[in-house]
Amino acid sequence: MPIRFDGETARFDGACTADEAIPLAEWTEAANAPRVDLGACTSLHTALLQVLMVAHTTVAVEPEDAFLKAWVAPLLRNTPG
Amino acid sequence: MSELFDQFVLEARELLDAAGASLLRLERDPADAGAINDLFRALHTLKGATGLFDMAPFTRLVHGGEDALMAVREGRAAISGDLADRLLQLLDLGAAWVDRLEAERALPDGAEAMAREHETLLRAALGGTDAGTAGQDAAFAWVDDLSTAEGERLGGRAVTAVNYEPNADCFFSGDDPLELCRRIPDLLLLRIEPVEPWPSLAELDPYRCALRFRALSGAAKPDVERLFRSVPDQVRIAAVTVKTKPRAAEPPPKGGVEDLAGAMLREQRRILALSGSVAEVEGRQGAVVRAVRNILTALGRHGDAAELERAAGNPESLRGFIEGLAGGVAPAAPISPTPAAPSAGRRALRVDADRMDRLMALVGELVVAKSRLPYLAREAQEGQRADTLALGIKEAQGQIDSIVAELQDAVLRLRVLPLSRVFEPLPRLVRDASRRLGKSVELEMSGAETEADKDVLDILGEPLLHLVRNSLDHGVEPPDARRAAGKPEGAVIRVRAFQDRDGVVVEVSDDGAGIDAEAVRRKAVERGQVTVEQAAAMEDADALRLVFLPGLSTAEGVTDLSGRGVGMDAVRNAVEQAGGRVEIASTRGAGTTIRLVLPATMMITRVMVVEAAGALYGIPVTLVSGMQRVPRDAIRRVKHAESVVLNDTVLPLLRLRRLLGQTEEERVEGSEAVLAVDLGGHRLALVVDAFRERADVVLKPMTGVLARLRGYAGTAVLGDGRLLLVLNLRELL
Amino acid sequence: MREPEDNDRHGDRRRVLVVDDAATVRAYSRKVLEADGFAVDEAVNGIDGLEHALANPPDLLIVDINMQKMDGYAMLRRLRQEPALRDVPAVMISTESKDSDRENALLAGANWYFVKPVRPDDLTAAARLLTGRGAGQAGGQRS
């Protein structure tokens, strides 16, 4: 499984596809302060990104992937309402 | 400039609210010229205010709205639902920007592009033909609007700009826009933004793409185009040059006063040449002479000023004289906006000017009264006779007493505001929700001028919104259901406020489906909140009150409007915390009325004073629905539970002594003093030793070790100095 | 040589009456002008402005055009018929920058016209000139 839900933290691993969007949305809805570990994420589907943006997810572990680190992670750290 | 900025925030909010209200009026009645004028004026004033600060995008945004209204006012366009939507969105964006300005002293990044976009959308909604070309121009406006850091990094570079707005259903054709952007060659900048404001998480459909992408690339345009060849309809690509950002505003030009003086003198010459009636011309001439005299004096040209007095007698010589003065001076310097300085934002309380004046007048009286005291002190020192002195002191005391009492009253009144404040969001709520739900709903409001303490208003706001949402959502039936029931398709929600003996009453009623008392009973039993027997024994009116219990929402489905988990119990809690109560009445098929009763002020609590075991206790009168002496033999006892019939209703009977842990004492009286208490959904009878008076008290919360005692709302001191414990019955029971 | 009358008023505190329905604009003008040593009165529309001016004749009027009840044009026209006020210099301020607006302002009785927003230095310079306050008293607005 590319995304592992671990209490309040979701750990993304490798290429994460649109198939994960519904489980991710359900998990973020249930979590109080959802955090994501993007350390090992190499590719993030747009569908997943929008869930993370709406859910005000904070980044627990920064992605190592340069593209995600430069342009995507900043959106999650301080997403305005 | 911080005060000025705060003033702006305050005024901008008011103007946006006023504009919103006028717009709703206008949408209901497009022929309402008053509404369009009010709306226009609000935007116009707002535009002027934004112009004082460094917020050109805001001015632009408001200007766009003003332009659209001008078209409507001049009959070039009609106010459509679409146009109203756009204008409401514009006002919403304005409100969001004001919040942002208050918090961060700056508009969000991309504000200019957002303003341009609204302009374009408005033009489209007006049905203008230039929407397409304007869209082309505006599409890449964001490139000119980069943040300072981005501008410094990219300033002056020729780059390829990408506007990528994926179709909402693009995921189903296998597109992944984010991954596509990853592949943009020499990516310099990527902005990922929601196309529309985010919905709540619950409303988000993850499989509809709600994001758009803006990118700058260092690669050539054809290279970038190649990447996006599979989505040509969703992308716009252009070669652009990033503007170099100026570091700071230019300093004002030197010699401005001289230039301005020259321009002003030329203008005075022009004014003299204007036509008009004799009175008008003479009026202008007087003002011109004085203006010119002052200008010359200010410039230190006293000789010319003296010359002016000689020339002023004759219009011709005056004109010639001023022409001579004004000749050959450079035109006035151009005008540029002023930057706004930061300041700390805080909540402001709008005070009615009359009330402030009254306060000032009282302070003045107090100063006068006080000035008597040094005089009395001197008399005392000089050995004035004691009785004369006493008389003087008494007089001064009487005066000061009455002023202080008035001051107290005046200060309390400062906090009193009309309910219109909490009514304001309702028209918009009803409009948007009825559009969304496909229901036709008329909102009737009355009593907006009713006044209450600011704290009470703050508490009232949320429950009121909730009740109206509830009516929209669950109360009002869809049009076909209403038709089937033989009702008019258009439903009515009435919000009514008025002042009552107990305080402020706010009623929300609808002519919808009403609440099924049987369904409420069933649900309460299912949830184990009452037993089957209890439910069966309940009158319908009592069963309806069960909806105020946690988790007892009657509607099967949960819609987006009423949200999840927040129910009527939240309304009840909020109102009761403020010392009020909630009442409900509903008839199947005819509608529901919910009534909130709140004390008009929270600082003063009106209590019923009762006696128990030799001490005095207070119970908020809002909770007391009756009091009477009941013969002992009318009290029925089953095992340890007692009950009594009051006003044809069987109420459980409790004894205050026992609740307080005091022993019962055998008394000889043949009757008991019984209070009927209404705890909102829970009615009971309470036996006390004796009734005392009603009193208005200032409630002080319990402090120190007492704070841990349960069952008390606080302490208060009665007029004669006796201490009173005010009970929190809900906790006590 | 006769000392011009405006120099004798209120010592050095020239009185400016700002007439505008936007509270922010009034506050802005007050701030800028007070910082430059002027005394400032405020009025919220033309009628209010006339009443203020009659009760306490100012040395200078700064008047907005678009106001409720009585607009700036009407107010200035009325004021120019009032013996005690007819020669008080007046500046009109508006968001409109068309030549016709300027022309209308002058026709109504204004001595000068500014397009909003007015830079503080321009506002104080105009106020100083039109109230005859010496350029020798140097310094724009203090902040």
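Scoring rules and cut-offs
Residues numbered from 1 in each chain as written. Chains lettered and ligands numbered in written order. Predicted model: local features only at pLDDT ≥ 70, side-chain atom pairs only at ≥ 80, totals over all residues. UniProt positions renumbered as here; feature names shortened; annotations may be inferred. Core = buried A, V, L, I, M, F, W, Y, C linked by C-beta atoms within 7 Å. Buried ≥ 20, exposed ≤ 12 C-beta atoms within 10 Å, placed from the backbone. Contact = placed C-beta atoms within 7 Å. Pairing = 2+ DSSP bridges. Helix = DSSP H or I, 4+ residues; strand = E, 2+ residues; numbered from the N terminus. Axes fitted to C-alpha atoms, helices over the stretch in contact; angles between N-to-C directions. Nonpolar A, V, L, I, M, F, W, Y, C, P; charged D, E, K, R; others polar. Parallel < 35°, antiparallel > 145°, perpendicular 65-115°, else oblique. Left-handed = near helix turned anticlockwise from the far one by under 90°.

The name given to chain B in an unreviewed UniProt entry is Chemotaxis protein CheA, and the organism recorded there is Azospirillum rugosum. Recorded in UniProt for chain B, the comment headed Function (unreviewed entry) runs: "Involved in the transmission of sensory signals from the chemoreceptors to the flagellar motors. CheA is autophosphorylated; it can transfer its phosphate group to either CheB or CheY." The Catalytic activity (unreviewed entry) comment attached to chain B in UniProt states, word for word, "ATP + protein L-histidine = ADP + protein N-phospho-L-histidine."

Within an unreviewed UniProt entry, the label attached to chain A reads STAS domain-containing protein, and the organism entered is Azospirillum rugosum.

**Examining the nonpolar core**
Within the largest apolar cluster, 155 residues are counted, with the highest numbers of intra-cluster contacts made by Val51(A), Ile295(B), Leu61(C), Val91(C) and Ala110(C). The contacts of Leu61(C), once residues within four sequence positions are left out, are Leu17(C), Val19(C), Ala53(C), Val88(C), Ala90(C) and Val91(C). One finds Leu457(B), Ala524(B), Ala574(B) and Val575(B) within the second-largest nonpolar core, a separate group that totals 44 residues.

**What about the sheet that holds strand β1 (residues 3-6) of chain A?**
All names here are of chain A. In spatial order, the strands read β1-β2-β3-β4; together these 4 strands make up an open sheet with mixed pairing. The open sheet has two free edges, formed respectively by β1 and β4 (58-61), since each of these has just one partner strand. The sheet shows a mean angle of 30° between the axes of neighbouring strands, taken without regard to direction. The sheet contact formed by β1 and strand β2 (residues 9-16) spans 4 bridges and is antiparallel. Counted as the bridge partner of Arg 4 is Arg 11 from β2.

**Digging into the interface of chain A and chain B**
Chain A puts 19 residues into the contact, and the matching count from chain B is 17 residues. Listed by contribution, the elements that provide at least two residues to the side of chain A that touches chain B are α1 (21-30), β3 (35-44), α2 (46-54) and α3 (66-77) of chain A. Of the residues forming the side of chain A that touches chain B, the biggest block, 6 residues, is contributed by α2(A). Of the residues belonging to the side of chain A that touches chain B, the class tally is 13 nonpolar, 5 polar and 1 charged.

**Topic: the sheet that holds strand β1 (residues 158-164) of chain B**
All names here are of chain B. Strand order in the open sheet made by the 4 strands is β2-β3-β1-β4, with antiparallel pairing throughout. Bordering the open sheet on either side are β2 (187-194) and β4 (235-241), each of which pairs with just one other strand. Averaged over all neighbouring strand pairs, the angle between strand axes comes to 15°, with direction disregarded. Note: β2 against strand β3 (residues 211-217), 7 bridges, orientation antiparallel. Residue pairing for β3: Leu 190 is matched across the bridge by Ala 215.

**Concerning the interface of chain B and chain C**
Frequently, the measure chosen for interface size is the accessible area removed from exposure when the parts meet. Taken residue by residue, the interface counts 50 residues in chain B and 46 residues in chain C. Contributing elements (two or more residues each) for the side of chain B that touches chain C: α1 (2-28), α2 (33-50), α10 (256-273), α11 (278-298) and α12 (302-311) of chain B. Residue contributions to the side of chain B that touches chain C peak at 15 residues, all from α11(B). Taken together, the residues that form the side of chain B that touches chain C break down as 24 nonpolar, 16 polar and 10 charged.

**Notes on the packing of helix α3 (residues 56-73) of chain B against helix α4 (residues 81-104) of chain B**
Residue and element names in this part refer to chain B. The interhelical angle for the contact between α3 and α4, taken along N-to-C directions, is 155°, at an axis separation of 11 Å. With respect to α4, the axis of α3 lies roughly antiparallel. Seen from above, α3 lies across α4 with left-handed handedness. Only Leu 83, Leu 87, Leu 90, Leu 93, Gly 94 and Trp 97 of α4 make contact with α3, whose side of the interface consists of Phe 58, Leu 61, Val 62, Gly 64, Gly 65 and Ala 68. Among the residues making up the contact of α3 with α4, the classes are represented as 9 nonpolar, 3 polar and no charged.

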